[in-house]
Amino acid sequence: MASQDMQAVRDLLASFPDSSSLSLAELRAVYDQMGQSFPLPAEVTLQPVEVNGVKAEWVKADLATEAKTVLYVHGGGYIIGSTNSHRHQVAAISQATGASVLSLNYRLAPENPHPAAVEDSVAAYRCLLEQGIEANNIMIAGDSAGGGLTIATLVALREQGIELPAGGICISPWVDLTNSAESILTKAEADPICTETILIQMATAYLQGQDAKTPLASPLYADLQGLPPLLIQVGTEEILLDDSLNLEKRAKEAGVPVTLEIWEDMVHVWHFFHPMLKEGREAINRIGDFYKTHTA
């Protein structure tokens with residue numbers, strides 16, 4: 001049974017306006033405002049930067065070291081989301097990992113369709129290496145579309161012969177833009193955030209006529225061989241549950257070390273609500289454990 005904290009999250013979600021009534025600009029503003037309504041942890045340093053032409057923000061919690069780094073790519077279906085929407089979540093990840101987090105404002109669709117997001121993420125990672133940060137002290141992490149972008153970035157780096165980071169962290173990842181997984185239907189009543197209609201609209205905006213199985217857009221269909229260890233976290237109450245299950249299966253078939261955590265009663269990217277949700281804080285602490293285990 002879901003905790004009282006989880007019910008409070010569902011009540012909060014129910015209080016927001018119907019997204020179908022909002023313009024894209026309004027939707028982006030609402031998402032940013034929702035994230036900014038949550039407090040930041042104490043003693044967090046924020047530094048806006050540009051990395052190889054991509055706008056970003058360094059988020060450093062107290063005692064976070066600059067030698068350890070997480071590159072964070074936010075969720076939002078490739079059409080919404082920013083450093084503003086995810087700052088509170090990124091700050092908590094910095095606390096849990098003890099690493100400085102580079103939160104990336106990659107270009108959004110429909111203004112910038114695939115592969116713009118992948119290009120920006122690869123460029124940001126290359127910049128970290130150019131700054132002298134060791135690859136084995138870096139992880140790439142992201143939620144939802146950012147979870148898919150995490151895998152796509154790892155695949156693109158491997159294809160370009162660039163030294164890979166120590167691991168990838170996927171929170172409720174969206175890795176199959178065909179939106180054909182069974183859980184999209186079977187979990188429709190349980191999921192208070194994502195719907196099949198929303199996923200189709202986001203995929204259409206991002207792909208703009210490209211094949212939905214394009215590997216760097218839908219990395220479930222990519223060759224995953226040679227990727228570093230992966231952590232996948234997903235809730236039982238989200239329509240993207242099967243994306244995580246199928247990603248784990250494909251990763252194992254490719255010989256990739258993968259840890260899949262299925263969190264009972266949790267909704268899509270429950271980490272976002274960690275200031276009011278115990279399980280959100282616990283999941284972020286697990287991310288910290290994974291990072292510390294797999295970095296040098």
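Thresholds, definitions, all that
Residues numbered from 1 in each chain as written. Predicted model: local features only at pLDDT ≥ 70, side-chain atom pairs only at ≥ 80, totals over all residues. Heavy atoms only, no water. Core = buried A, V, L, I, M, F, W, Y, C linked by side-chain atoms within 4.5 Å. Buried < 20%, exposed > 50% of the residue type's maximum accessible area, 1.4 Å probe, protein only. Helix = DSSP H or I, 4+ residues; strand = E, 2+ residues; numbered from the N terminus. Phe/Tyr/Trp six-rings, centres within 6.5 Å; stacked < 30°, edge-to-face > 60°. Salt bridge = Lys/Arg side-chain N within 4 Å of Asp/Glu carboxyl O.

(A) Examining the nonpolar core more closely. Residues Leu104, Trp174 and Leu224 are the most contacted members of the largest nonpolar core, which totals 100 residues. It is helix α5 (residues 145-159) that contributes the most residues to this core, 8 residues altogether.

(B) View of the packing of aromatic side chains. According to the stated counting rule, one finds 7 aromatic pairs in the structure shown. Ring plane angle 20° and centroid distance 5.9 Å describe the contact between Tyr31 and Phe272, whose orientation is recorded as stacked. Of this pair, Tyr31 sits in helix α2 (residues 24-36) while Phe272 sits in the loop between β8 (258-263) and α9 (278-294), and the two are 241 residues apart along the sequence. Of the two residues, Tyr31 and Phe272, neither departs from the other in class, the shared state being buried. In textbook terms, an aromatic cluster arises when at least three aromatic residues are bridged by ring pairs, as seen for Tyr31, Phe38, Phe272 and Phe273.

(C) Local environment of the pattern of salt bridges. Evaluation of the coordinates by the stated rule reveals 10 salt bridges. Here Glu159 makes a salt bridge to Arg158, at a shortest N to O gap of 3.9 Å. Take Arg158: its relative accessible area is 23%, and that puts it in the partly exposed class. The shortest N-O distance in the salt bridge between Glu261 and Arg286 comes to 2.7 Å. Taken together, the residues span a long stretch of sequence, with Glu261 in strand β8 and Arg286 in helix α9 at a distance of 25 residues. A relative accessible area of 9% means that Glu261 is categorised as buried. One network of salt bridges, with partners in common, ties together Arg107, Glu119 and Asp120.

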